[in-house]
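Close look at the chain arrangement
For reference, the chains in residue letters:
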Amino acid sequence: MHHLVLEEWSRKNSWIHARDPRAKLVAALALVVAIGTCPGAPALRFGGYALLLGAAAASAGLPLAGTLWRACVILPFAAVFGAMAWVAGHPERAVAVLLKSFLSAWVMVLLTGTTSPPVLLRAMESFRVPRFLLLVTHILYRYLFVISEQAQHMRFAAASRGGAGRRLRRGGWQAAAGAVGTLFARSHARAEAVHRAMLARGFRGDFVLLSPLRFGAADGLFAAWAVATATALRIL
Amino acid sequence: MHIPDGFLSVPVWAGLAAVSVPLVGVAARRAQREVQESSVPLLGVMGAFVFGAQMINFPLAPGTSGHLFGAALLACTLGPAAAAVVMTAILTVQAVVFQDGGVLALGANVFNMALAGAAAGYLPYWAWGRGSRPALAVAVGGFLSVIVSASLALAELRLSGLPMPGAVLPLAWGLFALNALAEALITFVVVESVDRLHPGWIRRMQTPRPAVTKWFLAASLVLAVVGVAVASAAPDGLERLAENLGIAHRARVLWETPLADYEARFLSGSWVRRAAAALAGIGITAAVLMATAKLLQRRRSV
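Residues numbered from 1 in each chain as written. Chains lettered and ligands numbered in written order. Predicted model: local features only at pLDDT ≥ 70, side-chain atom pairs only at ≥ 80, totals over all residues.

1. Here's the deal with the overall build of chain A
Within chain A, the secondary structure is distributed over 10 helices and 0 strands. What you see in chain A, going N to C, is helices and strands ordered as α-α-α-α-α-α-α-α-α-α. For the C-alpha atoms alone, the extent of chain A along its principal axes is close to 60 × 55 × 30 Å. Sorting the 236 residues of chain A into buried and exposed places 44% on the buried side. Excluding contacts between residues fewer than 6 apart, the proportion of contacts in chain A whose partners are at least 24 apart in sequence is 79%. (Helix = DSSP H or I, 4+ residues; strand = E, 2+ residues; numbered from the N terminus. Buried ≥ 20, exposed ≤ 12 C-beta atoms within 10 Å, placed from the backbone. Contact = placed C-beta atoms within 7 Å.)

2. Side note on the interface of chain B and chain A
Between chain B and chain A, the contact holds 70 residues from the first and 71 residues from the second. Going through the elements one at a time, α1 (10-34), α2 (39-53), β1 (58-61), α4 (80-96), α7 (168-197) and α12 (271-301) of chain B are the ones with two or more residues in the side of chain B that touches chain A. By residue number, the principal contributor to the side of chain B that touches chain A is α2 of chain B, which donates 13 residues.

3. Notes on the environment of R142 of chain A
Residue and element names in this part refer to chain A. By the element assignment, R142 lies in helix α8 (residues 131-160). A tally of 17 C-beta atoms within 10 Å means that R142 is categorised as partly exposed. Separated by 24 residues in the primary sequence, R142 and P118 place their C-alpha atoms 8.6 Å from one another.

4. Quick word on helix α7 (residues 117-126) of chain A
Three or four residues apart is the spacing at which side chains of an α-helix point the same way, because the helix has 3.6 residues per turn. All of the buried residues along α7 of chain A are P117, L120, L121, R122 and A123 of chain A. As for α7 of chain A, its buried residues are in contact with α2 (21-36), α6 (91-114) and α8 of chain A together with α4 of chain B. Note on α7 of chain A: the residue one or two positions beyond its end, R128 of chain A, has a positive phi of about 70°.

5. Quick look at the nonpolar core
Counting 166 residues, the largest nonpolar core has V136 of chain A together with V85, V86, M87 and A118 of chain B as the members making the most contacts within it. If you tally residues by element for this core, the top one is helix α5 (residues 106-128) of chain B, at 16 residues. Leaving out residues up to four positions away in the same chain, V136 of chain A has contacts with V40, L43, G44, G47, V85, V86 and A89 of chain B. (Core = buried A, V, L, I, M, F, W, Y, C linked by C-beta atoms within 7 Å.)

6. Concerning the packing of α4 of chain B against α5 of chain B
All names here are of chain B. Where α4 meets α5, the axes come as close as 9 Å, and the angle between the chain directions of the two elements is 150°. Classified by the angle their axes make, α4 and α5 are roughly antiparallel. Between α4 and α5 lies a crossing whose hand is right-handed. Residue-level contacts link P80, A83, A84, M87, T88, L91, T92 and A95 of α4 to L106, N109, V110, M113, A114, L115, G117, A118, A119 and Y122 of α5. (Axes fitted to C-alpha atoms, helices over the stretch in contact; angles between N-to-C directions. Parallel < 35°, antiparallel > 145°, perpendicular 65-115°, else oblique. Left-handed = near helix turned anticlockwise from the far one by under 90°.)

7. A look at the confidence of the model for chain B
Of all residues in chain B, 74% have pLDDT values of 70 or greater, and the mean over the chain is 78. The least confident element of chain B is helix α11 (residues 262-266) of chain B, whose mean pLDDT is 42; the most confident is α4 of chain B, at 94. (pLDDT = per-residue confidence, 0-100.)

8. Focus: the confidence of the model for chain A
Per-residue pLDDT for chain A averages 86, and the proportion of residues at 70 or more is 94%. Looking over chain A, one finds the lowest element-wise mean pLDDT in helix α1 (residues 2-10) of chain A, namely 73, and the highest in α2 of chain A, namely 93.

9. Some details on unusual backbone geometry
Here R128 of chain A, not a glycine, exhibits a phi torsion of approximately 70°, which is positive. Counting through the fold element by element, R128 of chain A comes out in the loop between α7 and α8. At Q99 of chain B, a position not held by glycine, the phi torsion is positive, near 60°. Classification of Q99 of chain B as buried rests on a count of 26 C-beta atoms within 10 Å.

Here it is, written out as structure tokens:
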């Protein structure tokens, strides 16, 4: 499934993987801002960004085609609104928004491909994001795949009973509503169990990382280099 | 309607981020107070539930199916503040992990779906939830949450200067309305099903709202929906009307703050000024973020 690929990538070993998540977050934000504030989409500059990102993927040991493919998630939305701009008589604008959204998505793929989401959430805490929100997001990510798998099981079960599918039929709605209701009930029960388990382990309102974050000289260098390169490409 | 990066202009995304950040902070504080101390796992797992529920298809028409959007259901089970927090967490995970929606556009997406979406989803339930069929009120909330989120996203795209052919707008709005209708139907059957399993999960409204409030609310809701429909169906007509009344001129004057207007005025200017405007936007966002964090910390320690 989805998370397997992501976690597989973020558990690789490379110089970029070893950098502090805060440095990588700053680098990614600098790139996204530089790309996003660019007027139009000058071919040379965007080629430079693409080269930079390709080099980052290669040095992190991530499959180039794989990261590009994952960034294509944004294409349905981008293509629809790009097509609108094209029809309205601004083809250059359409190409610009398509390229911008694709490159920004690629930056985020590389960020999550080299940093696992829980560590990334921990890094956001250093940037003063409310802890309550981060804790909720943390639990959400932890149980996302558990609950999704449960939903998948229910779909398989319904299909094996001959009830599911896209065909319009009487009772299909009731079955789907029942499935969502059951999923709600199970999630509620799971939340209670999770809470009890957390209390039993001495949860005091904070998650503890097994290895604390350390921001070294290499991390500072990496962040500074990324910000400088992004800015230089933006100005040139 | 997850807006990716690259579509919104700097004033739009920076401005909406500056609005969303303190509001999410307030919602987080309220949610922490409202739901008991077991709230962290409950809200997190409920966010995961929304992801799971979106995998269950409801047959809509031959060949197409829809799924739950969830803002109204969350608002009537967890409360509006907690629903906003859960939706924000969902959008954050979607943006960072699944590239569904941009990172710079996250503030705008949070504003559209988590804040305005949850509020619109809760409003009818707040007013009519004490009636004999609360599920009906939640279903109306589902309709409103989708239509509000989608209309806001479309408005932000237009405000960012994304060119759109005029004929597309009524079509887009018709699609939103169909989507919203589907969400209303799905929300209705799901709320009935959840209520059957455990009557305590759908919150019961304690105090009845005065009839005047209800009528006022109903009238303003109808006016707002009709207004958006007319505005999207005939944007040129509306503009002409505004021009005649002199509103457009006044609105333009209001809009002409140095930051908001930078695209138009600095378009021919040097990159330094554009970059400065962008940096100022980010700076303001960061300042608001820091101030909110400070405020929250001070309150918590008291």
